[in-house]
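# Coordinates in review
One-letter residues, chain by chain:
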Amino acid sequence: MTGLLTLLLVGAVIALGMAGIWQHLRYLRVRRERLEDRQPLLHGRAVFHTVTFLKVEAAQGREGELATLSALRSAIEAPGGGRVVYAGLVGVTMAESTQLANDWSAVVLAQYPSRDAFDRRHSSAEIKQVLGGCERSYVHGFQRPAFLNLMVPIGLGVMRLLDLGLRREPILPFQPLAFEDAIPQVQLKRKEILQLDDYRDIREDAIVVVNLIRPGTTEQRAADRAYSREMMRGMAEGGYGPMHMGRATQVEGEHRFAQFVAVYYPGIDHMHAMIGSVFINRIGPGKQLGDTLAVATIPVLSKLGGSN
């Protein structure tokens with residue numbers, strides 16, 4: 001009997017391990033193929049990450065935006081610099097900040113060997129030339145713990161198993177809601193995200209929402225936690241969710257944020273379905289933060305040249 005119990009326990013551990021590996025590889029495949037994300041899974045504590053927001057003059061059009069991104073990538077990846085891990089064109093602003101400008105053209109995530117390496121590269125003539133050619137730019141740093149980010153897909157998998165075990169009502173597919181029945185803030189957002197349709201010729205099966213976050217009051221945090229739990233349940237069910245998380249670190253200006261998060265959603269149609277759903281109309285008012293900038297971006301790293 002003891003031997004049988006041991007075999008069962010070993011079998012259960014192996015099954016859980018295999019399930020965890022499958023879950024992790026599933027998210028990794030999405031990251032590499034859909035998001036064109038080149039973030040190494042493992043990195044040391046000294047590694048420093050940045051998110052750069054760019055506003056390219058409208059007259060330059062999409063070609064100008066891609067050219068600026070390509071130039072910035074080359075400048076970042078020059079000898080002694082860093083590595084671009086994600087680049088995207090901004091399709092729409094999902095949440096507006098009270099601290100920053102809210103009209104952006106593109107976003108770049110980069111990894112550097114250290115904060116000192118970032119400071120040296122950021123002050124280089126090449127970087128200054130690219131950023132100086134933009135209408136405006138803004139850079140914020142973040143510390144991205146490798147282990148925490150490795151565990152995100154596993155945590156989502158556990159959440160999904162709990163939902164199945166407790167027989168909670170599924171979130172997907174989203175139940176549509178008539179426009180006139182939605183609350184005003186959701187009606188406005190449903191109109192705004194129509195801008196995403198202009199990017200279908202680039203990529204329509206992946207969106208990355210890039211967030212800088214400052215938590216609010218105690219009451220706001222409680223409401224936001226409830227909102228986030230429901231959003232994470234949907235992510236666990238649909239196989240999408242956070243790809244980069246970390247503590248925000250100020251590198252320029254006086255702007256204050258506490259967290260950085262980049263979240264993958266499976267495409268433009270998914271975003272329309274989510275924002276136009278009973279689900280988001282129900283939980284949307286719970287999203288309460290002290291301040292945030294959130295932009296929905298379309299992956300374009302493969303269009304920038306260089307080594308992918």
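Residues numbered from 1 in each chain as written. Predicted model: local features only at pLDDT ≥ 70, side-chain atom pairs only at ≥ 80, totals over all residues. Heavy atoms only, no water.

The sheet built from eight strands closes into a barrel, its strands ordered β1-β3-β2-β8-β5-β7-β6-β4 with antiparallel pairing. Along the sheet, successive strands turn relative to each other by an average axial angle of 35°, direction set aside. Across the sheet, helix α2 (residues 61-76) is in contact with β1 (48-55), β2 (83-95) and β3 (106-112); its angle to β2 comes to roughly 145°. (Pairing = 2+ DSSP bridges. Helix = DSSP H or I, 4+ residues; strand = E, 2+ residues; numbered from the N terminus. Axes fitted to C-alpha atoms, helices over the stretch in contact; angles between N-to-C directions. Contact = heavy atoms within 4.5 Å.)

Our focus in this paragraph is the nonpolar core. Counting 86 residues, the largest nonpolar core has Phe53, Tyr265 and Met271 as the members making the most contacts within it. No other element matches β2, which puts nine residues into this core. Beyond its immediate sequence surroundings of up to four residues, tyrosine 265 is in contact with Asp205, Ala206, Ile207, Val209, Met231, Met235, Tyr240, His270, Met271 and Met274. (Core = buried A, V, L, I, M, F, W, Y, C linked by side-chain atoms within 4.5 Å. Buried < 20%, exposed > 50% of the residue type's maximum accessible area, 1.4 Å probe, protein only.)

Looking now at the side chain of threonine 249. By secondary structure assignment, the location of threonine 249 is in strand β6 (residues 241-249). In this structure threonine 249 comes out as buried when scored by relative accessible area, which is 15%. Leaving out residues up to four positions away in the same chain, threonine 249 has contacts with Phe48, Arg115, His140, Gly141, Phe142 and Gln143.

So, about the pairing of β2. Counted residue by residue, β2 has twelve buried out of 13 residues, so it is predominantly covered. Alignment of β2 against β3, held across six bridges, turns out to be antiparallel. Bridge pairing in β3 links tyrosine 86 to leucine 109.

So, on to the environment of glutamate 219. Mapping glutamate 219 onto the fold places it in helix α7 (residues 218-238). In the structure, glutamate 219 is positioned 178 residues away from leucine 41 in sequence and 35 Å away in space, judged by C-alpha atoms.

Before going further, it helps to examine the pattern of salt bridges. As enumerated under the stated definition, the model contains 20 salt bridges in all. With its nearest N and O atoms 3.9 Å apart, the salt bridge here joins arginine 31 to aspartate 37. There is no split in this pair, since arginine 31 and aspartate 37 are both buried. Here arginine 203 makes a salt bridge to glutamate 36, at a shortest N to O gap of 3.2 Å. In this pair, arginine 203 is assigned in the loop between α6 (184-192) and β5 (207-214) and glutamate 36 in the loop between α1 (2-33) and β1, connecting sequence segments 167 residues apart. No difference in accessibility class separates arginine 203 from glutamate 36, as the two residues are buried. Ionic contacts of the salt-bridge type, sharing partners, join the residues Asp163, Arg168, Glu230, Arg233 and Arg282 into one network. (Salt bridge = Lys/Arg side-chain N within 4 Å of Asp/Glu carboxyl O.)

The next thing to look at is the environment of serine 124. Within the secondary structure, serine 124 is located in the loop between α3 (115-122) and α4 (125-132). Residue classification places serine 124 among the buried residues on the basis of a relative accessible area of 11%. For the pair serine 124 and isoleucine 202, spaced 78 residues apart in sequence, the C-alpha separation works out to 31 Å. There is a polar contact of 2.6 Å between the side chain of serine 124 and the backbone oxygen of arginine 121. (Polar contact = N/O pair within 3.5 Å; in protein donor to acceptor, adjacent residues only side chain to side chain.)

As a further point, take a nonpolar patch on the surface. The grouping of Ile14, Met18, Ile21 and Leu25 at the surface amounts to a nonpolar patch, some 410 Å² of accessible area in total. Relative to the helices and strands, isoleucine 14 resides in helix α1. Since its relative accessible area comes to 52%, isoleucine 14 is described here as exposed. (Patch = residues over 30% accessible without salt bridge, like charges linked within 9 Å, V, L, I, M, F, W, Y side chains within 5 Å. Areas by Shrake-Rupley, 256 points an atom, 1.4 Å probe, with all protein chains shown as cover.)

Now for the pairing of strand β4 (residues 136-143). Where β1 lies against β4, seven bridges are found, and the strand directions are antiparallel. Each residue of the ladder has a partner; that of lysine 55, found in β4, is arginine 136.

Attention now goes to the environment of glycine 305. The residue glycine 305 is located in the segment after β8 (291-299) in this model. Residue glycine 305 is classed as partly exposed on the basis of its relative accessible area, which comes to 35%.

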